[in-house]
Every structure is written in C-alpha cells, then in structure tokens.
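Inside the fold
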Amino acid sequence: MQNDNINEYLSQSFTSFKDWDTTSDVVSFQVSAAQIIDVLTSLYNEFGYQFLTDITAVHYPDRSKEELCVVYHLHNLRTRHRLRIKVYLNIEQPDIPTATTLFSAANWMERETFDFFGVQFIGHPDLTRILNVEDMDYFPMRKEYPMEDPTRVDKDDEMFGR
Amino acid sequence: MSEHHIKLPEGSIGKQTTTINVGPTHPATHGVFQNIMEIDGEKIIKTVPTIGYIHRAFEKIAERRPYYQVTTLTDRLNYCSAPINNIGWHTTVEKLAKIEVPKRVDYMRVIIMELARINDHIICNSIMGVDTGALTPFTYFFQERERIYDIFESICGSRLTTNIGRIGGFERNFTEDTWRYIDRFVESFPKMIDEFEKLLTRNRIFMDRTIDAGVISAERALNYSFTGPNLRASGVDYDVRVHEPYSSYDDFDFNIPVGKKGDVYDRYLVRNLEMRESYKIILQAIEKMKELDPSVYHADVPEFYLPEKDDVYNQMEALIYHFKIIMGESDMPAGEVYHSVEGANGELGYYLISDGGRTPYRLHFRRPCFIYYQAFPELVEGGLLSDAIVALSSINVIAGELDA
Amino acid sequence: MRPVRYNENEKVFLNELPEGVYSGEGFAATRFDAAIGLARANSLWPLPFATSCCGIEFMATLGSNYDLGRFGAERMGFTPRQCDLLIVAGTIAKKMAPILKQVYLQMAEPRWVVAVGACASSGGIFDSYSVLQGIDQVIPVDVYVPGCPPRPEGIIEGVMKIQKVAKNESLRRRHSDQYKALLDEYGIQ
C-alpha cells in the first residue's frame, strides 16, 4: 500500500520517474540525474526514507548512451521498507549531483563509486581516489579492464588457464 | 589535500599544529589504515583518514568466479567472523535462485553465525582492553576462541577463513566431535565471560578512560548510516535479524541491547551483552534441533548442491548434475537481489546482479566498516589523542572489510 | 635467625670437592659464531607486520595454546629499529609496498624476514591489479610459510627454521659480495 502511495506521488511530481519495478525483492525505479536530489529529499521528508544503505554503480557496456547506472538503496527504518533508485548516465559525461548534503554517509560511498567507475559527483567536498593508488589513471571496475595486473611478468598466463 | 600545520588561534601555547601520522603499521594489529592528525599538544584539531592499503579488488575478482567459488572471497571480508560472511553469501544466492532450505539447516546456520559473532566480539573487547593497557583479559579471553576454532574445524576443516557451508546447506553434517566441542564451549563460556567482565567492566581505570570518549549521537549516527553495535550503543535498536529475519531468526527469543550515550563504554557494554544474547540463542538452537531429523544437512537442490561422490560414480543423473555445476552450466536465473545479514559490525549487504551466466555480472558488498569509518573524524576531533586511540579500537574497524 | 628462611631442607648435602679441582666460575670453549648464533637464534625479537587474516592467526600463535614465547620470541617490538625478525603476515597491496620496504630498510643488520601465508609468499588467491604478487618483489625473504592462513604450528615451524638459519649463519655473511648482490637486486644499499 505504501508502494502505491510512493508510485503515485513520484509519478505526479517528477517527470523523469519511470520503470516502477516490483518483480525483484526490492522495489526499484528510475529517475534522471537532474532530479535525483529532489527525489531523495522528498523521500527523506515526506516518506521517512532517512537511512542511506548504499550507493554503487554498474557498468553496462551494451546500453549505448546509458552505460553507467548509479544505484541508491534507501531504507525506511520505521516501516522496514527498502527502495532501489537507479540513475543511468552516459559514459562520456557521467555527471550527477552529490547526496552529501542530505546524507553524510554518501561521502565515501561516492568516492568509491568515482574510484571504480569514474562517475563525477558534482558538489562533492573531496572527490579523489579512496581505495586505489592515487596515480592510477583508469577506472578499474569498468568491463573493458582485466582483473589481473597486465604488467606482471612472473605469472605465466598459459599455466593459469588464460 | 589536507592542510598541514594549521595556524592556532591567539592565546594558544604553540603557533601551529603538529602533524602526526598514526600510520598504516599499527601496534595491536587493528589493520592497515592511516590517520593523519593535526594536534595541538594532546588535543586533536583535525584528522583525515586514508585507507586502501589492503585493497584486494574483491568485486572485480568476483566477476570472474563461479558462484560457489565466491565464498572464499567473502571469508576474507571480516575475517574475524568469516562464517557470517559465508552464510550471508549463501542466503543471497538462495534468495536469487529461490531455494528453500530445511529448518534444521537454518538452525545449524544460526549456531555457526552466533559462534562467529561471539568470536568477533571477543577480539574487539579484548583489544579495547589492550589499548587501555590491560593485557590480562586479552590473554585469558583469547583461549575461548580456540574452543570456537575447534568447532569450526570439525565442520569445514579450517579455523579462520572457513568457507563454511554450501549453496543449500552444509558440506557435512555436524559430527559427534562437533557436538562434543559445542557442549564443551557451552559449559565453559559463561564462566569465561564473567571472569572477563569482572576484570574490566567496573574497573575504575577502564571506566575513566572510556566513559565520554568518542561520543556520537543517534541522529548523527543514522546520518552516517551506522549499523550494528555502534548504532545500538547510540540508542537505535536496528538489528537486521529482527527487522528482516533470515535463516529462521524469528523462531528465537532474544533481546537487543541498546546503549544510551554512544560513547566507548557503551559500545563495550553492548558487545558484552550481545555475546550473552548470542549464547542464549545457541542454547535455544541446540534445544530446537533435538526435535528435527538429524540426517538432514542440505536442501534438495541438485542443480546447485554437488551430489555425493558415491552417487556420481554410480548414477547417471548425479554425474550429469556434477558436470553441469562444475562446468558452469547451472540454472542461475537472471535478476538482481540485495540481501543483508547482521554481521558482527553491522548490516553486511550483498548486491548481486546476475545475467544468467556462470559468474555474477556485478557483485557489490555493502561493508559496514567502510561506511562508519568515515565518521571517525567526528568522533575524535576536539578530544584527546588517547581518547582517539580508544575510540578507534571501540568501533572495531577490520581492514579486510574496510578495503575489500 | 635469618628473617627469611628458605632452602633449609636438612636432607640435602653438598659433597666435598676433591683436591686440585678448580672451583669458581664455569667456562666452556667454543667458536665465536656458535655462541653468537645461539644467542641470536634463541632471542629473536619479532616485528609482527600483520595486515589481514594471517595476522589473526599470528595472534593465536602468540596465545597460550601455541605459545611462540617458548622460542624466545616473547617480546614483540612494534618499531623496526629494535627488532631483528620481520614477520609479514597478510596481503600486501601495491599501496602498502613502499611502506613495507621502508620498514625493512629501517631494521638493523642482522635481519631476517618470514613471509607468512600465501598472500605474502606469492599473492595468494588475489591475482588482481592491486595486490603485490609476493613480498619478494620488494624485499629479500628467508622463509616462506604457505597456508591460507597457515596453522599456528606452521608459523612456529617457520620461526624454527629462522632459528636454524640464525644459528648457522656465518658472521661475515652480511658483508659478503653475494649478500650485497642480493640487496642490489632489490635496489637496497
């Protein structure tokens, strides 16, 4: 029932709201990068989704113009209900406003997403690499990069089944 | 990026702050993470944490491993309580593939997970004692972990990084040895924890060091997405075992200890009480398992659970299933799922996207240590350096989970 | 009457020494390097460089069930300036490698290195872009202890092998050309 309230409210207030999906275990929907902060704020204030569980990203190289998908997981601790919000971004210019104004926890979550996928969070206080070495020049979790270090010489690829 | 040698205001003793590096190599082996602190005498003005010194790229490796091999990676996240991570992963895959496990498997899992939780809390509280100078409780209480290791070893063969369980259950039933070790643990644990509490809980020095150090209020903790004992010490009773019960936790009767102030002493007390609650859960699980059929230890899902070697050599279907599972033609449905378990440090979440193939398309770990460690500057700025050290050990940062 | 009474067991007798026998401080004749080797081997001061899971197994080795203190390694120093055995337990990432090298350089000769665990020996199960595939890419290693994590008995075996190495090492080894060539390979002066 709460699902329907959110569905109605969001589809009326935000034009880019689409893909309301209840088939998977967590209800998910999609918005655009321009409206994400307003959506998060209204969910925070009106509906009580005041706990940010996670921010992460997924790389779909097959979807053209929408390769990077930033996924927000929200949680309403009172009604024990979770939400998943997806924002698709173009890999040429993956800009999205930061959620740190609303949730302090988003700080390092966004840094991690930037470190691995190259998503630029506009307005973030310190968007630098957090887990990888500082001078790394590529974004390792994108699908085109291999898992192994390409410069290593001691392990023979043939013996390792590659 | 961080500014060094901040100018101090007029009237202070020094002219600018000193930069010290509480570096990656720590005594008392908390793990490798760094804090660059600006201090004025003993007071901390600003601190900037740096992490990534043990980044092992779990998420990238997981995209290349079949589902049953990812368990070895999950072990190494919070390595002090590895079985919780393993069982969390198995329950995630079971959620995606819609597998139902029998009750007895659930209860076996509950026993193992609570033992792992006790394991982790023993380490955290003992190390908190060591950081305030009390080495004796550490030496005494660590012995209890050897008994827990014996239990794990009799099931899966390994003490620390257990790789325990399989998708659908366990690899072998609890043997007689296991039950003997569990009985031995059940007998000796209450005495050990009482002894530990007698040494530290009402100890004047420990209380003076830890009360009102590293305080965080409930609102700030929720804004920083704290979970687990750190959040419960600040007053919010959020526990994944009660909010979204998995593995039949709703059959058990246990309390959730909650603190008042959110300081280091509250976290210590919450962890101690949680150990006692875990003990109660283990006793209840042992009682409940007596009524169930003792030969059941896995679900009947031949597409995901390897058949017995005997059957593989003698029966055709078992051979085919064995081949399919190992060669990776298993029927994992495409879809995405987010499942979380109550780890020893908080809500450990697995966000799994599958495209129907042999390996996950994307696996993301929602690691509680990573998320609450960013609140560390707020815990310690304005306080003394010795309070910062105790606060750091009280929030129980495990480096494996921080960096994944 | 003495204020403290001890050892007043009347059943114990001391025999009289026969004539002409030296009585006083004892002495033994041995080679210099045997005595020094014995001293070094049985009083190693380890520096636990514990990064991850092997660190917890190392802590279990120090506990009373598998006591490493029996072998003389009782005093764990956390500063490289005072220690002679560097026990690297756990994965070393590329970000951590310069720090490991710096800690090694700060140790004084004679120094030994034990690589505990699969990750320190060869990268372990993490064949990824961010993990150093074995610490022998940056520092010379004396003993490798395989395992993931190795059992405490394995770690004790590794320390016992170091003891054997320390006992039988020639005093001139650290000045020899071979050793200098080894350090040159790693870029260490």
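Here, every reference points to the structure presented above.
Residues numbered from 1 in each chain as written. Chains lettered and ligands numbered in written order. Predicted model: local features only at pLDDT ≥ 70, side-chain atom pairs only at ≥ 80, totals over all residues.

1. Focus on the interface of chain B and chain C
What counts is decided by this rule: Contacts are defined on C-beta atoms placed from the backbone: any two residues whose C-beta positions lie within 7 Å are in contact. Helix and strand labels come from DSSP, where a helix needs a run of H or I of at least four residues and a strand needs a run of E of at least two; each type is numbered from the N terminus. Each residue is assigned to one class: nonpolar for Ala, Val, Leu, Ile, Met, Phe, Trp, Tyr, Cys and Pro, charged for Asp, Glu, Lys and Arg, and polar for all the others, Gly among them.
Each partner contributes residues to the interface: chain B has 25 residues there, and chain C has 28 residues. Elements represented by at least two residues in the side of chain B that touches chain C include exactly α1 (58–62), α5 (136–156) and α17 (399–403) of chain B. The dominant element in the side of chain B that touches chain C, judged by the number of residues it contributes, is α5(B), at four residues. Residue classes in the side of chain B that touches chain C are distributed as 12 nonpolar, nine polar and four charged.

2. Looking at the interface of chain A and chain B
In this complex, chain A contributes 27 residues to the contact, which on the side of chain B involves 30 residues. Listing elements by their share of the side of chain A that touches chain B, those giving two or more residues are β3 (51–59) and α3 (106–117) of chain A. Element by element, the count of residues in the side of chain A that touches chain B is highest for β3(A), at six residues. Tallied by class, residues from the side of chain A that touches chain B come to 13 nonpolar, nine polar and five charged.

3. Considerations on the nonpolar core
What counts is decided by this rule: Here a nonpolar core is just a set of buried residues of the types Ala, Val, Leu, Ile, Met, Phe, Trp, Tyr and Cys, joined wherever their C-beta atoms sit within 7 Å. Exposed residues have 12 or fewer other C-beta atoms within 10 Å of their own C-beta, buried residues have 20 or more, and residues in between are partly exposed; the C-beta atoms are placed from the backbone.
Counting residues in each nonpolar core, the largest one holds 201 residues, and the members touching the most others are A:Val70, C:Ile87, C:Val88, C:Val114 and C:Val116. Top contributing element to this core by residue count: helix α4 (residues 103–131) of chain B, with 14 residues. Excluding residues within four positions of it along the chain, C:Ile87 makes contact with C:Pro46, C:Leu47, C:Pro48, C:Phe49, C:Phe58, C:Val114 and C:Val116.

4. Thoughts on the packing of α5(B) against helix α6 (residues 176–200) of chain B
All names here are of chain B. Rules: The axes used here are C-alpha line fits, helices contributing only the stretch in contact, and every angle between their N-to-C directions lies in the interval 0 to 180 degrees. Orientation categories follow fixed angle ranges, with anything under 35 degrees roughly parallel, anything over 145 roughly antiparallel, 65 to 115 roughly perpendicular, and all other angles oblique. Here is the rule for handedness: rotate from the far helix to the near one, and if that takes an anticlockwise turn smaller than a right angle the crossing is left-handed, while a clockwise turn gives right-handed.
With their axes 10 Å apart at the nearest point, α5 and α6 run at an angle of 165° to one another. In terms of their interaxial angle, α5 and α6 are classed as roughly antiparallel. Considering how the two elements wind past one another, α5 and α6 form a crossing that is left-handed. Here the residues of the contact of α5 with α6 are counted per class, giving 14 nonpolar, four polar and six charged.

5. Side note on the sheet that holds strand β1 (residues 46–50) of chain C
Residues and elements named next belong to chain C. Rule in force here: Strands were regarded as paired on the criterion that DSSP finds at least two bridges between them.
The parallel open sheet is built from four strands, whose spatial order is β1-β2-β3-β4. For this open sheet the edge positions go to β1 and β4 (143–145), each flanked by a neighbour on one side alone. The mean inter-strand angle of the sheet, taken between neighbouring strand axes irrespective of direction, is 15°. Here five bridges tie strand β2 (residues 85–89) to strand β3 (residues 112–116), and the two strands are oriented parallel to one another. Each bridged residue has a counterpart across the sheet, and for Leu85 the counterpart in β3 is Trp112. Each of β2, β3 and β4 touches helix α5 (residues 152–168); the most contacted strand, β3, lies at about 160° to it.

Treat this as a map of the structure, not an account of what it does.
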